[in-house]
Amino acid sequence: MKLFLMIVALACSALVPLAQAANNEAPVDPLDSARWHEMQKMFLAGQHYVFDPRVRVIAPLDADNPMQVPITVDASALGKVREVVVFADFNPIIQILRFYPEAASAYLGFRVKLQQSTPVRAAVRTADGVWHVGGTWVNTVGGGCTAPSAAATAPEWQKRLNEVSARQWQSGTLAGRLRLRVVHPMDTGLVAGIPAFHLQEVKLSDSSDQALMRIETFEPVSENPVFTLQQKTPGRVKATGRDNNGNDFNVWIEP
Amino acid sequence: MKRLIFSCLLGSFCTLLAAESNFDYGLQAQRVADDVYVFIGRNEDFSTVNGGNIVNTGFIVTAAGLVVIDSGPSLRYGQQMQQAMKKLSSATLLQVINTHHHPDHFLGNQAFAGTPIVALEATRQGIASEGNVFAENLYRLSGDWMKGTESVPPTATIVPGRVPLGGRTLRLLALDGHTDGDLAIYDETSGVLFAGDLVFNNRAPTTPHARIKRWLASLDTLEAITREPGFTAIVPGHGAIARDGAPIRQTRAWLRWLDQAMREAAAAGFDLNEVMARPLPAEFAEMAVGVREYQRSVGHLFPAAEQEALGHAH
């Protein structure tokens, strides 16, 4: 049934540009989500926004593991981006993360926990104050937000809390790529007896302390988060971060 | 003419509906050797159309009774399997063997109440801990075909080795790698090797519990059996039976490629979505369910390769 609805949604989405051209009222949600109106009020109330195909949100249509759904947000085609907010209409915790690209591209790869099939969207604020919205449907078996993290059941992992592994790539098609993984349970607080315990912020800056990107992370980001970024200029990168219990990290990622 | 096409369409649609509402898997036993039969499933993913009949099961007729190898994906499948077996043999049930703990291989156990159901210890543990979750998942994927199905764990642990059974000799091999307990059964009397899901044939292997190194070692053990003089046929867990070791070599090639592809992609800096979007090599382009299983396998196997590729940051 869900699949059927999704097919209908996809079929409808193909017709949307025509509908949009026909009237100049509120833009029509290309993903045809029953919750778009609420989403719009929650994240974009009173703001000027447009649905924009230049905001690419890449995810598998069928995500087999609801605990680790890969999401890539690429808004680098938009020019100067101030802020990106990523959210999932039907998740029990809707807001996934926000990121603020500075010297790095408006590009971020990460993984999320999804509770059920849902649109995953990115709203991107450009320098002129306009929000550009893109997104995609993800079909999943669900349960990702209410399953305990592996760390919650195997406490020895917590000795490695906030341990960072990372690497930069300087040549080839992926030149400028930076990937980092942080050991963290990212507990949502939705599992009985396990309080919310998650990273809140990750900051990346260069050796002269110029900001590359700041990322605000919320509960739905997957356990042991992995972030993928694109730098414009290579060099040493400092990564700092902290969680909601005040645990922090501060490491260097060599080029 | 138009009317003819329309009535044909309507006709086939009604046939489809009728087939579905009867929940008839249409199981036809295929003879592999004297007294050795298999039910070959479709080379597909689980669906509400195939009802989970994507798996191979089988049975061996012995003087002491029927030895059933895997019980299929649902209660209905197990029941229909018994009806199909009765058509070919009046022998009573001796035992049911579960080759491993994946749901398409054991959720028919419920239909064999009263018959000993045996498996490796790791398989018993897997079914005890994950069986109900698997069953729930199959209800979602296969729909009403699953009606009434419950996870029934094996009743005894199997001891590997050569076993004389009703005038035949079975060689039970405790292997692993597809899961933590993969039982292969070689019927020395007929030369038929039941490989379970260690071997797939022209259908992409599944990897939710895979440990590739162990799996490759198990394939070597199985391939050695295909070189024994008495060997006549191999029954893979999924896909057609074969008279030589080709499905073993194909499964090995897929796993080696997959393992290598994950390492190379991680070392090159790719992220999950990019790895999933890569095309299959030409060698595997014709493999049934190839793209979907590849994408699933990326989800299962890439995170470990990625961790290896990222260095510790201080």
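Since the structure is predicted, the reported quantities are computational estimates derived from the model, not experimental observations. (Residues numbered from 1 in each chain as written. Chains lettered and ligands numbered in written order. Predicted model: local features only at pLDDT ≥ 70, side-chain atom pairs only at ≥ 80, totals over all residues.)

Engineer: When you look at the overall build of chain A in this model, what are you seeing that I'm missing?
Structural biologist: Across its full length, chain A holds 3 helices and 16 strands. A compact globule built from 255 residues would reach a C-alpha radius of gyration of about 18 Å, and chain A, at 18 Å, matches this within 12%. When the backbone C-alpha atoms are referred to their principal axes, chain A occupies close to 55 × 45 × 35 Å. By the burial criterion, 43% of the 255 residues in chain A qualify as buried. Within chain A, residue pairs in contact and separated by at least 24 positions form 67% of the contacts whose partners lie at least 6 positions apart. (Helix = DSSP H or I, 4+ residues; strand = E, 2+ residues; numbered from the N terminus. Rg over C-alpha atoms; globule rule 2.2 N^0.38 Å. Buried ≥ 20, exposed ≤ 12 C-beta atoms within 10 Å, placed from the backbone. Contact = placed C-beta atoms within 7 Å.)

Engineer: Looking at this structure, I do not really get the overall build of chain B. What am I missing?
Structural biologist: Looking only at helices and strands, one finds 8 helices and 13 strands in chain B. For chain B, the spread of C-alpha atoms along the three principal axes comes to 70 × 65 × 35 Å. Counting over 314 residues, chain B shows a buried share of 48%. The contacts of chain B with a sequence gap of at least 6 include a subset with a gap of at least 24, amounting to 69%.

Engineer: What's the story with the packing of helix α5 (residues 212-226) of chain B against helix α6 (residues 246-268) of chain B in this structure? I'm lost.
Structural biologist: When two helices pack together, their arrangement is given by the angle between their axes and by how far apart the axes lie. All names here are of chain B. Running from amino to carboxyl end, α5 crosses α6 at an angle of 160°, the nearest separation of the two axes being 10 Å. Accordingly, the angle class assigned to the pair α5 and α6 is roughly antiparallel. Once α5 is placed against α6, the crossing between them reads as left-handed. Between α5 and α6, the contacting residues are I212, W215, L216, L219, L222, E223 and T226 on the first element and I248, T251, R252, L255 and D259 on the second. Class assignment for the residues of the contact of α5 with α6 results in 7 nonpolar, 2 polar and 3 charged. (Axes fitted to C-alpha atoms, helices over the stretch in contact; angles between N-to-C directions. Parallel < 35°, antiparallel > 145°, perpendicular 65-115°, else oblique. Left-handed = near helix turned anticlockwise from the far one by under 90°. Nonpolar A, V, L, I, M, F, W, Y, C, P; charged D, E, K, R; others polar.)

Engineer: Looking at this structure, I do not really get the sheet that holds strand β9 (residues 168-175) of chain B. What am I missing?
Structural biologist: Two strands in a sheet stick together by hydrogen bonds in their backbones, pointing the same way (parallel) or opposite ways (antiparallel). Residues and elements named next belong to chain B. Read across the sheet, 5 strands follow the order β8-β9-β10-β11-β12 without closing on themselves; strand pairing throughout is mixed. The sheet is open, and its two borders are formed by β8 (161-165) and β12 (233-238), each paired with just one other strand. Each neighbouring strand pair of the sheet contributes to a mean axis angle of 25°, computed without reference to strand direction. Relative to strand β11 (residues 192-200), strand β10 (residues 182-187) is paired through 3 bridges, and the arrangement is antiparallel. Of the residues in β11, the one forming a bridge with Y186 is L193. (Pairing = 2+ DSSP bridges.)

Engineer: Even after reading the chapter, I still don't get α5 of chain B, so can you show me in this structure?
Structural biologist: Three- or four-residue spacings in an α-helix give side chains the same orientation, since the helix completes a turn every 3.6 residues. Residue and element names in this part refer to chain B. With 15 residues, α5 should reach 21 Å at 1.5 Å per residue; the first-to-last C-alpha distance of 21 Å fits that figure. Residues of α5 that are buried include every one of W215, S218, L219, L222, I225 and T226, and no others. Taken end-on, α5 shows its buried residues confined to a sector of 110°, consistent with a single buried face. Opposite the packed face of α5, turned more than 90 degrees from it, sit the exposed residues K213, D220 and A224. (Expected span 1.5 Å × (residues − 1). Arc of directions from axis to C-beta.)

Engineer: I tried to follow the nonpolar core on my own but got confused; where do I start?
Structural biologist: What tends to happen in soluble globular proteins is that the nonpolar side chains get buried as a cluster. The biggest cluster of nonpolar side chains holds 69 residues, and the ones touching the most others in it are F59, I97, A184, L193, A195, L222 and V235 of chain B. Per element, the largest residue contribution to this core is 8 residues, and it comes from α6 of chain B. In this structure, A184 of chain B is in contact with L173, L175, L193, F194, A195, G196, L198 and L222 of chain B, ignoring residues within four places of it in sequence. A106, Y107, L212 and V226 of chain A belong to the second largest nonpolar core, which has 57 residues in total. (Core = buried A, V, L, I, M, F, W, Y, C linked by C-beta atoms within 7 Å.)

Engineer: Even after reading the chapter, I still don't get the packing of α6 of chain B against helix α8 (residues 290-309) of chain B, so can you show me in this structure?
Structural biologist: Residue and element names in this part refer to chain B. The geometry of α6 relative to α8 is characterised by a closest axis approach of 8 Å and an angle of 50° between their N-to-C directions. One way to sum up the angle between α6 and α8 is to call them oblique. Relative to α8, the crossing made by α6 is right-handed. Residues L258, M262, R263, A266 and A267 of α6 lie in contact with α8, whose contacting residues are S297, L301, F302, A305, E306, E308 and A309. Of the residues in the contact of α6 with α8, the class split is 8 nonpolar, 1 polar and 3 charged.

Engineer: Even after reading the chapter, I still don't get the sheet that holds strand β4 (residues 65-69) of chain B, so can you show me in this structure?
Structural biologist: All names here are of chain B. Read across the open sheet, the 7 strands follow the order β1-β2-β3-β4-β5-β6-β7; overall the sheet is mixed. What marks the edges here is a single partner per strand, and that holds for β1 (30-33) and β7 (156-157). Against the sheet, helix α2 (residues 75-88) contacts β2 (36-39), β3 (57-62) and β4, and its axis sits at roughly 145° relative to β2.

Engineer: Can you help me understand α6 of chain B in this one?
Structural biologist: Residues and elements named next belong to chain B. For α6, which comprises 23 residues, the first-to-last C-alpha distance of 32 Å matches the rise-based estimate of 33 Å (1.5 Å per residue) to within 8%. Of all the positions in α6, only P247, I248, Q250, T251, W254, L255, L258, A261, M262, A265 and A266 are classed as buried. Where α6 ends, the next residue or the one after it, G269, has phi of about 95°, a positive value.

Engineer: Would you mind going over the interface of chain B and chain A with me for this structure?
Structural biologist: You'll often see interface size given as the accessible area lost when the parts meet. Taken together, the contacts link 19 residues of chain B with 26 residues of chain A. Sorting the residues of the side of chain B that touches chain A by element identifies α4 (121-142), α7 (272-276), α8 and β13 (311-312) of chain B as the ones contributing at least two each. Here the element with the most residues in the side of chain B that touches chain A is α8 of chain B; it accounts for 6 residues. Grouping the constituent residues of the side of chain B that touches chain A by class yields 6 nonpolar, 9 polar and 4 charged. Pairing of strand β10 (residues 164-169) of chain A with β13 of chain B, which is carried by 2 bridges, proceeds in the antiparallel orientation. Opposite A166 of chain A, over in β13 of chain B, you have G311 of chain B as the bridge partner.

Engineer: Explain the environment of N132 of chain B to me, please; I cannot follow it from the model alone.
Structural biologist: For N132 of chain B, the location among the structural elements is in helix α4. It is 32 Å that separates the C-alpha atoms of N132 of chain B and V275 of chain B, two residues lying 143 residues apart in sequence.

Engineer: For this particular structure, what's the right way to read the confidence of the model for chain B?
Structural biologist: Detailed reading of the predicted coordinates is not advisable wherever pLDDT falls low. Residues at a pLDDT of 70 or more form 93% of chain B, whose mean pLDDT is 93. pLDDT under 50 marks residues 1-18 of chain B. Its contacts with residues more than four places away, or in other chains, come to 0 contacts. (pLDDT = per-residue confidence, 0-100.)

Engineer: Would you mind showing me how to read unusual backbone geometry here?
Structural biologist: Most peptide bonds adopt trans geometry, and most residues besides glycine take a negative phi value. All names here are of chain A. Even without being a glycine, N162 presents a positive backbone phi close to 65°. Position of N162 relative to the elements: it lies in the loop between α3 (150-153) and β10. Unusually for a residue other than glycine, D209 sits at a positive phi of about 70°.

Engineer: Help me understand the pairing of β9 of chain B, please; the structure alone is not making it clear to me.
Structural biologist: A regular strand places its side chains so that they alternate between the two faces of the sheet. All names here are of chain B. With 5 bridges connecting them, β8 and β9 associate as antiparallel partners. By the bridge assignment, G161 is partnered in β9 with L172. Turn length for the β8-β9 hairpin, with the two strands adjacent in sequence and antiparallel, is 2 residues, and the turn residue G166 shows positive phi of about 50°. Strand direction decides the pairing type here: β9 and β10, joined by 6 bridges, are antiparallel. Residue pairing in the sheet places A174 in a bridge with L183 of β10. Counting the residues between successive antiparallel strands, the hairpin from β9 to β10 contains 6 residues, one of them, G177, with a positive phi of roughly 125°.

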